[in-house]
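Chain by chain, the residues:
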Amino acid sequence: MILPSLVLGLVHGALRVAADLANRYAGYNGPWTIGLRLTGIKTAIAYEYVQSGDEDVVQPYDADTYQKTATASTADLLRTPDVVTEQLVGALLRGLSVDKRYLPYAKSAGNR
């Protein structure tokens, strides 16, 4: 089982912390290549389907590993971490059939 809101929140939070530390303490304003990798997820389903008892109506995730990278500048991470979060997690959400609930992430992250 995968908790999409947890994955989104952790990625978003990590991006914000990294950008803040780089900007505030390291003075780094250059490019970043950021990656997300989840392993052991073959046959996983999104928590929403388990919670509602609809495990049988959704196809489980069909790969054992999810891996995605994105590039951004420190300024991008400071200004729009939600956009980079969506770049990293969006395909996973589509694979779990919950993308319509969470994407576009920039819109839902703006409400936080």
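Residues numbered from 1 in each chain as written. Predicted model: local features only at pLDDT ≥ 70, side-chain atom pairs only at ≥ 80, totals over all residues. Heavy atoms only, no water.

1. A word on the overall build of the protein
Next up, step 1: From N to C terminus, the protein includes six helices and two strands.
Next up, step 2: When the helices and strands of the protein are read in sequence order from the N terminus, they spell out α-β-α-β-α-α-α-α.
Next up, step 3: Projected onto the principal axes, the alpha-carbon positions of the protein cover approximately 50 × 30 × 15 Å.
Next up, step 4: Counting only residues that meet the buried cut, the protein has 37% of its 112 residues in that class.
Next up, step 5: By element, 51% of the accessible surface of the protein is carried by carbon and sulfur atoms, the whole surface being about 6700 Å².
Next up, step 6: Distance from the positive charge centre (11 side chains) to the negative charge centre (11 side chains) of the protein: 7 Å. (Helix = DSSP H or I, 4+ residues; strand = E, 2+ residues; numbered from the N terminus. Buried < 20%, exposed > 50% of the residue type's maximum accessible area, 1.4 Å probe, protein only. Areas by Shrake-Rupley, 256 points an atom, 1.4 Å probe, with all protein chains shown as cover. Lys, Arg positive; Asp, Glu negative; His and termini not counted. Charge placed at Lys NZ, Arg CZ, Asp CG, Glu CD.)

2. Overview of the packing of aromatic side chains
Next up, step 1: Overall, the coordinates contain one aromatic pair when judged by the stated rule.
Next up, step 2: Both rings, one in Tyr 28 and one in Trp 32, keep their centres 5.9 Å apart while their planes meet at 70°; by these two values the pair is edge-to-face.
Next up, step 3: Since its relative accessible area comes to 35%, Tyr 28 is described here as partly exposed.
Next up, step 4: By relative accessible area, which is 21% here, Trp 32 ends up partly exposed. (Phe/Tyr/Trp six-rings, centres within 6.5 Å; stacked < 30°, edge-to-face > 60°.)

3. Quick look at helix α4 (residues 81-95)
Next up, step 1: With 15 residues, α4 ought to run about 21 Å at 1.5 Å a step, and its terminal C-alpha atoms sit 22 Å apart, in line with that.
Next up, step 2: A maximum bend of about 50° is found in α4 at Val 89.
Next up, step 3: Within the span of α4, buried status applies to Pro 81, Asp 82, Val 84, Thr 85, Leu 88, Val 89, Gly 90, Leu 92 and Leu 93.
Next up, step 4: Just beyond α4, the residue with positive phi is Ser 97, at close to 60°. (Expected span 1.5 Å × (residues − 1). Bend = angle between axes of the 7 residues up to and from the residue.)

4. Focus: a nonpolar patch on the surface
Next up, step 1: Together, Met 1, Leu 3, Leu 6, Leu 10, Tyr 47 and Val 50 give the surface a local cluster of nonpolar side chains, amounting to about 540 Å² of exposed area.
Next up, step 2: At the level of secondary structure, the elements contributing two or more residues to the nonpolar patch comprise α1 (4-26) and α2 (47-51).
Next up, step 3: Along the chain, Met 1 turns up in the segment before α1. (Patch = residues over 30% accessible without salt bridge, like charges linked within 9 Å, V, L, I, M, F, W, Y side chains within 5 Å. Salt bridge = Lys/Arg side-chain N within 4 Å of Asp/Glu carboxyl O.)

5. Re the environment of Thr 80
Next up, step 1: Relative to the elements of secondary structure, Thr 80 occurs in the loop between α3 (74-79) and α4.
Next up, step 2: Overall, Thr 80 belongs to the partly exposed group, its relative accessible area being 26%.
Next up, step 3: Sequence spacing of Thr 80 and Ala 18 is 62 residues, and the spatial spacing of their C-alpha atoms is 13 Å.

6. Points about unusual backbone geometry
Next up, step 1: Following Leu 103, the chain continues into Pro 104 via a peptide bond in cis, with omega recorded as 5°.
Next up, step 2: Relative to the elements of secondary structure, Pro 104 occurs in the loop between α5 (99-102) and α6 (105-109).
Next up, step 3: Its identity as a non-glycine residue notwithstanding, Thr 43 has a phi of 75°, on the positive side.
Next up, step 4: Position of Thr 43 relative to the elements: it lies in the loop between β1 (31-39) and α2.
Next up, step 5: One non-glycine residue, Ser 97, lies in the positive phi region at around 60°.
Next up, step 6: Following the sequence through the fold, Ser 97 ends up in the loop between α4 and α5.
Next up, step 7: Accessibility expressed as a relative area gives 37% for Ser 97, which makes it partly exposed.

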